[in-house]
Amino acid sequence: MSPGLPPQWRSSAESGLSMLADTSSVRIPSLISDIPGFPQAQTTFPVRVFKLLGVETLIVTNAAGSLADGLQPGDIMIIKDHVNFPGMVGLNPLCGPNDDKFGPRFPAMSGCYDKGLRCLAMEIAKEHGVASLMQEGVYAMVGGPNFETIAEARLLHRLGVDAVGMSTAPEVVVATHCGLRVFGLSLITNKVVKSYEDKDSVNHEGVLEVGRLRSQTVQQLVTELVSRMEINNNNNTNNAV
Ligand SMILES: O=P(O)(O)O[C@H]1O[C@H](CO)[C@@H](O)[C@H]1O
């Protein structure tokens, strides 16, 4: 204890220091273990089961709010890349010991959304007359479960994010780690409020409503994509024989 401290302060400073030294009385919060719900390693487990079953391609879809001015509710964004905000602060499904059977400790994530499938999806959209609804963009996963504040929305927009949601990235990370090809679509269900003048506000019921309106279009696109991928796979098999 500093001899310079006035005597009336000494006892409280000393007891504070001794509390810090007694770690049994101090609960140090852990970012990961304090988060309720299921761990990401568990929620992404099915992706590894797919891998073991021989699946080669993972197709992911989600509902997302748009930050890009050119994306309107009802549009469909082909995911070109993602920003995994929870992953960047340590909430990553690959945390913990690495299972080398599935993939390397430090997997690359560049190019995780397959370019060939993205081009094929755009071709299919043109053939089905829905190309005007579709464009490529960057998806960001945030932790949720609240929607964004206006300041958060502006930050995401400035960072180059086109659409934001609360899912998808963990599954894509696990799929890429184990060598699955990935294709992803975001259905734009709402514009994210970016202006303090804007009286609009997002709500989950509205998200579900747009989902219902576009479900058939998304189903048709994915069905066609899967059928053409099968043709590609068959070709590959023929080549191999
Ligand atoms: O990402 P999905 O589950 O499609 O849904 C999005 O829509 C819900 C919010 O309305 C959140 O769950 C968000 O992640």
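Residues numbered from 1 in each chain as written. Predicted model: local features only at pLDDT ≥ 70, side-chain atom pairs only at ≥ 80, totals over all residues. Heavy atoms only, no water.

Remarks on the confidence of the model for the chain
Selection criterion: pLDDT is a per-residue confidence score from the predictor, ranging from 0 to 100. Two residues form a contact once any of their heavy atoms are found within 4.5 Å.
Per-residue confidence for the chain gives a mean pLDDT of 87, with 80% of residues at or over 70. Low pLDDT, under 50, characterises residues 1-5; the stretch is placed with eight contacts to residues that sit more than four places away or in other chains. Taken together, the stretch residues 15-29 has pLDDT below 50 and engages in five contacts with residues farther than four places along the chain or on a different chain. Both scores are available for the predicted complex, with the pTM at 0.85 and the ipTM at 0.99.

Topic: the site of the ligand
How we decide: If a single non-hydrogen atom of a residue is within 4 Å of a molecule or strand, that residue counts as near it. By the criterion applied in these results, polar contacts are pairs of N or O atoms within 3.5 Å in which, for protein atoms, one can donate a hydrogen and the other can accept it, and in which residues neighboring in sequence qualify only through two side-chain atoms. All accessible-area figures derive from a Shrake-Rupley calculation using a 1.4 Å probe, and residue coverage is judged against the displayed protein chains alone. Each helix is a run of DSSP H or I of at least 4 residues and each strand a run of E of at least 2, with the numbering of both proceeding from the N terminus. Classification used: nonpolar for Ala, Val, Leu, Ile, Met, Phe, Trp, Tyr, Cys and Pro, charged for Asp, Glu, Lys and Arg, polar for all others including Gly.
Lining the immediate environment of the ligand, one finds Asn62, Ala63, Phe147, Met166, Ser167, His204 and Val207. In the environment of the ligand, an oxygen atom lies 2.9 Å from a nitrogen or oxygen atom belonging to the backbone of alanine 63. The contact in question runs from an oxygen atom of the ligand to an N or O atom on the side chain of serine 167, over 2.5 Å. Protein chains shield 70% of the accessible area of the ligand, which is 340 Å² for the free molecule. Among the elements of the structure, strand 1 (57-66) and helix 8 (204-240) are those that each provide at least two residues to the shell around the ligand. Broken down by class, the residue content of the shell around the ligand amounts to four nonpolar, three polar and no charged.

With respect to the pairing of strand 2 (residues 76-84)
Defined as follows: Strand pairing follows a simple DSSP-based rule, namely that at least 2 bridges must link the two strands.
As paired strands, strand 2 and strand 3 (residues 134-141) are joined by eight bridges and run parallel to one another. Its bridge partner being in strand 3, isoleucine 79 is matched across the sheet by glycine 137. The pairing of strand 2 with strand 5 (residues 181-191) spans three bridges and is classified as antiparallel. Each bridged residue has a counterpart across the sheet, and for isoleucine 76 the counterpart in strand 5 is leucine 187.

Points about the pattern of salt bridges
Where charged atoms of side chains with opposite charge meet at close range, the side chains can pair. Selection rule: Whenever Lys or Arg places a side-chain nitrogen within 4 Å of a carboxyl oxygen from Asp or Glu, that contact is recorded as a salt bridge.
A full pass over the atoms with the stated rule returns seven salt bridges. For arginine 118, the salt bridge is made with glutamate 136, and the minimal N-O distance between the two is 2.9 Å. Linking arginine 118 in helix 5 (residues 115-127) with glutamate 136 in strand 3, this pair joins segments that are 18 residues apart in sequence.

Description of the nonpolar core
Applied cut-off: Within this scheme, the nonpolar core is defined by two criteria: the residues are buried Ala, Val, Leu, Ile, Met, Phe, Trp, Tyr or Cys, and they are joined through side-chain atoms within 4.5 Å. Partly exposed residues are those whose accessible area sits between 20% and 50% of the maximum for their type, while under 20% is buried and over 50% is exposed, using a 1.4 Å probe and protein chains only.
Residues Leu58, Met77 and Val182 are the most contacted members of the largest nonpolar core, which totals 24 residues. At the level of elements, strand 1, strand 2, strand 3, helix 7 (169-177) and strand 5 are the ones that each hand at least two residues to this core. For valine 182, the contacting residues outside a window of four places in its chain are Leu58, Val60, Cys112, Tyr113, Asp114, Leu117, Val172, Ala175 and Thr176. With 19 residues, the next largest nonpolar core counts Leu133, Met134, Phe183 and Met229 among its residues.

Focus: the packing of aromatic side chains
Defined as follows: Two rings belonging to Phe, Tyr or Trp (six-membered ring only in the last case) form a pair when the distance between their centres is within 6.5 Å. Interplanar angles under 30 degrees mark stacking, angles over 60 mark edge-to-face geometry, and anything in between is tilted. Look at NZ for Lys and CZ for Arg. If either is within 6 Å of the ring centre and within 35 degrees of the ring normal, a charge sits over the ring.
Taken as a whole, this structure holds zero aromatic pairs when the rule is applied. Here the guanidinium or amino end of arginine 48 rests over the ring plane of phenylalanine 102, the centre of that ring lying 4.4 Å away.

What about the state of the cysteines?
Defined as follows: When two cysteine sulfur atoms are found within 2.5 Å, that pair is recorded as a disulfide.
Going through the model one piece at a time under the given rule, you end up with zero disulfides. No disulfide involves cysteine 95; its sulfur sits 17 Å from that of cysteine 178, the nearest cysteine. Unpaired in this structure, cysteine 112 has its nearest cysteine sulfur neighbour in cysteine 178, at a distance of 13 Å. For cysteine 112, a relative accessible area of 6% translates into the label buried.

Considering the sheet that holds strand 4 (residues 163-165)
Cut-off, in case you're wondering: For helices, the fitted axis covers only the stretch in contact; all axes are lines through C-alpha atoms, and the angles between them, taken along N-to-C directions, range from 0 to 180 degrees.
Strands sit in the order 1-4-3-2-5 around a closed barrel of five strands; the barrel is mixed. Averaged over all neighbouring strand pairs, the angle between strand axes comes to 50°, with direction disregarded. By the bridge criterion, two bridges tie strand 1 to strand 4 in an arrangement that is antiparallel. In the strand pairing of strand 4, glycine 65 is matched with valine 164.

Considering a nonpolar patch on the surface
This is how it is decided: To count toward a patch, a residue needs a relative accessible area above 30% and no salt bridge. Like charges then connect within 9 Å, nonpolar side chains (Val, Leu, Ile, Met, Phe, Trp, Tyr) within 5 Å.
Residues Phe45, Val49, Phe50 and Leu53 make up a contiguous nonpolar surface patch of roughly 400 Å² in combined accessible area. By the secondary structure assignment, leucine 53 is in helix 3 (residues 45-53). Looking at leucine 53, the relative accessible area reads 67%, which means it is exposed.

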